[in-house]
Amino acid sequence: MGLRVIELENNTLFKWLEANAKVRPNQVALLTTTASITYIELENQVLRLATAFAQLGIGKGDVVACQLPNCPEFIVTFLACATRGVIFQTLHMPYRKAELAELIAHGEAKAVISLGAFKDYSPAQDILELADDLPNLKSVIALGTPVQGALSFADLLESPAERSSIVETDIDDPYLLLYTSGTTASPKGVPHHYRGFLDNAWRTAKELQLSSDDRVCSLAPFSHLYGLMVVHLALASGGANALVPAFNPETFIADVSTLKPTALFSAPAHFAPFIAANKFKKSHFEKTKLVCLSGAAVPPQLARAVDDLLDKGEVIQLWGMSELQAGAYGRPGDPKAERMETTGRAAPGSELRIVDENAMQVKTGEEGALEIRGSSVFDGYRNNQAETGKSFTKDGWFKTGDLGVLDYNGFLRLTGRAKEVINRGGVKFNPIDIEVHLMSLPAITQCAIVPIPDEVLGEKACLCVEVNEGEKLTLEEVTTHLNQIGIAKYKWPERLEIFDEMPLTPTRKIMRGKLTAMLI
């Protein structure tokens, strides 16, 4: 096994990079299907961008938002922010103006880095058009295609690599700002300091037996906590981040065959269609010692099918949240039944408990609400004391909103969610956001978006509506409207059901659970 040299005590993200660049300068840090970057080259690029940030007046405590795919530039930006003591804010790639305006404003970003061109539009141009309403925003930086009014990422990387750009930071300094899948009208920012997440990642890398020999690969976007955790794991172990810019079913097998990851982190939806079509061969995973399935419910039969592909490895599951990174996960060597059917045991430094509706701890093996406390759990939502107060118990346990069961050996089995979030292939969103926009359509009297089961994605969204007398409505009209106002496509409903009368409670609230039951 490779030498593990990273130690947690008094270390920050840049110090992890610096240590790797010193001990293993010529080892691959970032790997794509066409190129690689060594640790010493990565450090050089990070210092160049940090120097450019310094020249732009971006420094300790400022926020820089990033909307990029899983590319080397994402990681360079992430580490350059850490070098300057800057707080790094993630923005998901599918987000358009409607989501970006709220999140950039709430995060008070001083700069935003995004693509000059993506599919049929320009993310950087979208952000520039929002700038007049974002008083904190001073710079928009475009990667790739030049955009008038935006700075060029490539030009910034031409800056000299000056070590004077390094800002001293402490493990209790904030460095990361994530956002939950809550409403865009009232987004929940989740700030983190180095101590919590780096401790969690360092311990997780050890538990998963990762070393500097490993190539770790995330199929989840780095803008999501799950994907970003993989970046942390690679830096903690001194291994390489094997980069897939975005999951593409057409290239997935080729990507895996080329990158040869030893540890692959994915959602069940990434594997399900390939398993169903029997498209995988054991040779595709000949170097893979670990596949982690997370982000949505994992059917045991799917976990077993993937496990059977790994002659030299094992499947595990993981449960995590933006508020705490990895909360529970399986370990290599755990009994197969537990690896297939549970999300493993609590992460080191974390405690799990299950409580009933009266907040009393239930007996082992009984279902209830999942709560957690530990070193990686955040302190509270950004500028949102009310939501913070509702999310923690008096004795410091975080209420996750999930339901689960703990067995006598501490293995966690998730059984559902208390919140009304729709989980589409591991990407979660609140349907209330979309309903508010759809109520502006003249045909709709009232509506609710509810989850319906899907064999591949776990859940899909179904729009249930009552229409005004004499009116008609099609799914195409709905999606056209959402597209016009810039709502991310993964939030669009994929089925429409029209009801003469919606099921209502005595207080006239739509009974969402009953709707879902009626649709199955």
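Residues numbered from 1 in each chain as written. Predicted model: local features only at pLDDT ≥ 70, side-chain atom pairs only at ≥ 80, totals over all residues. Heavy atoms only, no water.

It is worth spelling out empty space enclosed by the protein at this point. Taken as a whole, this structure holds three cavities of 30 Å³ or more when the rule is applied. By volume, the second largest cavity amounts to about 50 Å³. Along the walls of the second largest cavity sit Thr 90, Leu 91, His 92, Tyr 95, Leu 103, Leu 178, Tyr 179 and Ser 223, which together make up its complete lining. For the lining of the second largest cavity, the per-class residue count stands at five nonpolar, three polar and no charged. (1 Å grid on protein atoms, 1.4 Å probe; cavity = no way out; pocket = protein on both sides within 12 Å on 5 of 7 lines; lining within 4 Å. Points joined across faces, edges and corners; volume = space filled by probe spheres on them. Nonpolar A, V, L, I, M, F, W, Y, C, P; charged D, E, K, R; others polar.)

There is a patch of like positive charges on the surface, built from Arg 215, Lys 260, Lys 287 and Lys 312. Note on placement: Lys 260 falls in the loop between helix H9 (252–259) and strand E12 (263–266). Given a relative accessible area of 36%, Lys 260 falls into the partly exposed group. (Patch = residues over 30% accessible without salt bridge, like charges linked within 9 Å, V, L, I, M, F, W, Y side chains within 5 Å. Areas by Shrake-Rupley, 256 points an atom, 1.4 Å probe, with all protein chains shown as cover. Salt bridge = Lys/Arg side-chain N within 4 Å of Asp/Glu carboxyl O. Lys, Arg positive; Asp, Glu negative; His and termini not counted. Charge placed at Lys NZ, Arg CZ, Asp CG, Glu CD. Helix = DSSP H or I, 4+ residues; strand = E, 2+ residues; numbered from the N terminus. Buried < 20%, exposed > 50% of the residue type's maximum accessible area, 1.4 Å probe, protein only.)

To continue, consider the pairing of strand E1 (residues 28–31). Sheet topology note: the E1/strand E2 (residues 36–38) ladder contains three bridges and is antiparallel. Its bridge partner being in E2, Leu 31 is matched across the sheet by Ser 36. Hairpin connection of E1 to E2: four residues between the antiparallel strands. As paired elements, E1 and strand E11 (residues 240–242) share two bridges and run parallel to each other. Residue pairing in the sheet places Leu 31 in a bridge with Ala 242 of E11. (Pairing = 2+ DSSP bridges.)

Summarising burial for strand E6 (residues 139–143): five of the five residues are buried, a large majority. With burial as the criterion, each face of E6 is covered, one bearing Ser 139, Ile 141 and Leu 143 and the other bearing Val 140 and Ala 142. The pairing of strand E5 (residues 111–115) with E6 spans five bridges and is classified as parallel. Bridging from a neighbouring strand, Ile 113 pairs with Ile 141 of E6. For the crossover from E5 across helix H5 (residues 123–130) to E6, the handedness is right-handed. The pairing of E6 with strand E7 (residues 151–152) spans two bridges and is classified as parallel. Bridge assignment links Ile 141 to a residue of E7, and that residue is Leu 151. (Right-handed = clockwise from strand over helix to strand, strands pointing away.)

This next bit is on unusual backbone geometry. With a phi close to 50°, Lys 260 is a non-glycine residue in the positive phi region. Even without glycine at this site, Asn 278 takes up a positive phi of about 55°.

Attention now moves to H9. Every buried residue of H9 is listed here: Phe 252, Asp 255, Val 256 and Leu 259. Within H9, the buried residues cover an arc of 95° as seen down the axis, which keeps them to one side. Where the residues of H9 are buried, they touch E1, strand E10 (215–218), E11 and helix H10 (268–276). Lys 260 lies just past H9 and shows a positive phi near 50°. (Arc of directions from axis to C-beta. Contact = heavy atoms within 4.5 Å.)

Moving on, we come to the environment of Ile 104. You can see Ile 104 is positioned in helix H4 (residues 97–107). The spatial distance from the C-alpha of Ile 104 to the C-alpha of Gly 333 is 43 Å, given a sequence separation of 229 residues. Ignoring sequence-local partners within four residues, the contact set of Ile 104 consists of Gln 89, Leu 91, Ala 109, Val 112, Ile 127 and Leu 134.

With 14 residues, helix H7 (residues 194–207) extends 19 Å from end C-alpha to end C-alpha; this agrees with the ideal 20 Å at 1.5 Å per step. Burial analysis of H7 places 10 of its 14 residues in the buried class, the great majority of the element. Taken residue by residue, H7 has Tyr 194, Gly 196, Phe 197, Leu 198, Asp 199, Asn 200, Ala 201, Trp 202, Thr 204 and Ala 205 as its buried positions. For H7, the elements touching its buried residues are helix H1 (13–23), helix H3 (72–84), strand E8 (174–179), strand E9 (189–193), helix H8 (225–237) and strand E15 (325–329). Positive backbone phi, at 60°, marks Gln 209, one or two positions downstream of H7. (Expected span 1.5 Å × (residues − 1).)

The strands that make up a sheet are held in pairs by hydrogen bonds between backbone atoms, and each pair lies either parallel or antiparallel. Pairing is mixed across the open sheet formed by three strands, whose spatial order is E23-E24-E25. The strands lining the two open edges of the sheet, one partner per strand, are strand E23 (444–454) and strand E25 (495–498). Direction aside, neighbouring strands of the sheet carry axes that sit 25° apart on average. Packed on one face of the sheet, helix H16 (residues 512–519) meets E23, strand E24 (458–467) and E25 and runs near 60° to E23. (Axes fitted to C-alpha atoms, helices over the stretch in contact; angles between N-to-C directions.)

Looking now at the packing of H1 against helix H2 (residues 39–55). Running from N to C, H1 and H2 point in directions that differ by 140°, and their axes come no closer than 8 Å. Comparing their axes, H2 and H1 come out oblique. In this structure, the crossing between H1 and H2 has a hand that is left-handed. Of the residues in H2, those touching H1 at Phe 14, Leu 17, Glu 18, Asn 20 and Ala 21 are Tyr 39, Ile 40, Leu 42, Glu 43, Val 46 and Leu 47. In terms of residue class, the contact of H1 with H2 is made up of eight nonpolar, one polar and two charged. (Parallel < 35°, antiparallel > 145°, perpendicular 65-115°, else oblique. Left-handed = near helix turned anticlockwise from the far one by under 90°.)

Below, the discussion takes up the sheet that holds E11. Spatial strand order, E2-E1-E11-E10-E12-E13-E14-E15-E16: nine strands in an open sheet with mixed pairing. Edge positions in the sheet fall to E2 and strand E16 (345–346), since each of these pairs with one other strand and no more. Both E15 and E16 contribute to a ladder of two bridges, which runs antiparallel. In the sheet register, Ala 328 faces E16, and the bridge partner there is Ala 346.

This brings us to the nonpolar core. Within the largest apolar cluster, 90 residues are counted, with the highest numbers of intra-cluster contacts made by Leu 13, Leu 42, Phe 265, Trp 319 and Phe 398. With 10 residues, the single largest contributor to this core is H8. If near-sequence neighbours (up to four positions away) are discounted, Leu 42 is found in contact with Leu 17, Ala 29, Leu 30, Ile 37, Val 76 and Leu 79. Core analysis: the second largest hydrophobic core is formed by 41 residues, Ile 104, Leu 134, Phe 429 and Ile 444 among them. (Core = buried A, V, L, I, M, F, W, Y, C linked by side-chain atoms within 4.5 Å.)

By secondary structure assignment, the location of Asn 26 is in the loop between H1 and E1. Each C-alpha atom, one on Asn 26 and one on Ile 37, is 8.8 Å from the other, the two residues being 11 residues apart in sequence. Not counting residues within four places of it along the chain, the set of residues in contact with Asn 26 comprises Thr 38 and Ile 40.

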